[in-house]
Amino acid sequence: GIMRYEVHSRYCYSGYVAVENKEGFDAYVNMRCVHFDERNYCMYAGGGLTSKSKAADEWAETEHKISPLKSLIIHNP
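Residues numbered from 1 in each chain as written. Predicted model: local features only at pLDDT ≥ 70, side-chain atom pairs only at ≥ 80, totals over all residues. Heavy atoms only, no water.

**Q** Mind showing me how you'd approach the nonpolar core here?
**A** Proteins that are soluble and globular tend to have nonpolar side chains buried together. Judged by nonpolar contacts, V34, M43, A45, I66 and I73 together constitute the single largest core of 5 residues. Beyond its immediate sequence surroundings of up to four residues, I73 is in contact with V34, F36, Y41 and M43. (Core = buried A, V, L, I, M, F, W, Y, C linked by side-chain atoms within 4.5 Å. Buried < 20%, exposed > 50% of the residue type's maximum accessible area, 1.4 Å probe, protein only. Contact = heavy atoms within 4.5 Å.)

The following block contains the structure:
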């Protein structure tokens, strides 16, 4: 499994959000989170790497995914 390749703990890496209304039911996978300890924080964002993935494009997508979390932390220390 993935734990063979990852040496860090995933903590609360992902989850889902579900919304039900009169039109139906929508569920979203949440793969963005931040783990805090006493002095630091670490941001996590899921990716869908494939054999055709380009590292620079994947990095840009990851930066885009965490930008809302990053702006909250940077603007609200």
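**Q** Is there a simple way to think about the pairing of strand β3 (residues 32–36) in this case?
**A** Along a regular strand, successive side chains alternate from one face of the sheet to the other. Of the pairings in the sheet, the one linking β3 to strand β4 (residues 41–45) comprises 5 bridges and is antiparallel in character. Across the sheet, the residue bridging to V34 is M43, located in β4. The antiparallel pairing of β3 with β4 creates a hairpin that spans 4 residues between the two strands. (Pairing = 2+ DSSP bridges. Helix = DSSP H or I, 4+ residues; strand = E, 2+ residues; numbered from the N terminus.)

**Q** I would appreciate a short explanation of the environment of A18 in the present structure.
**A** By secondary structure assignment, the location of A18 is in strand β1 (residues 15–21). Relative accessible area serves as the criterion here: at 38%, A18 is assigned to the partly exposed category. Residues A18 and Y28, spaced 10 residues apart in sequence, show a C-alpha to C-alpha distance of 6.3 Å. Dropping the residues within four chain positions of it, A18 is found in contact with F25, D26 and A27.

**Q** Can you help me understand the environment of W59 in this one?
**A** Looking at the secondary structure, you find W59 in helix α1 (residues 55–75). A relative accessible area of 57% means that W59 is categorised as exposed. Taking the C-alpha atoms as reference points, W59 and G47, separated by 12 residues in sequence, lie 9.2 Å from one another.

**Q** I tried to follow the pattern of salt bridges on my own but got confused; where do I start?
**A** A side chain with one charge may pair with a side chain of the opposite charge, provided their charged atoms come close. Under the counting rule described, the total for this entry stands at 2 salt bridges. In this structure, the salt-bridge partner of E61 is K65, at a minimum N-O distance of 3.4 Å. Taken together, the residues E61 and K65, both in helix α1 and 4 residues apart, mark about one turn of the helix. Looking at E61, the relative accessible area reads 36%, which means it is partly exposed. Residue classification places K65 among the buried positions, given a relative accessible area of 16%. With a shortest N-O distance of 3.4 Å, K70 and E63 are connected by a salt bridge. We classify K70 as partly exposed; its relative accessible area is 33%. (Salt bridge = Lys/Arg side-chain N within 4 Å of Asp/Glu carboxyl O.)

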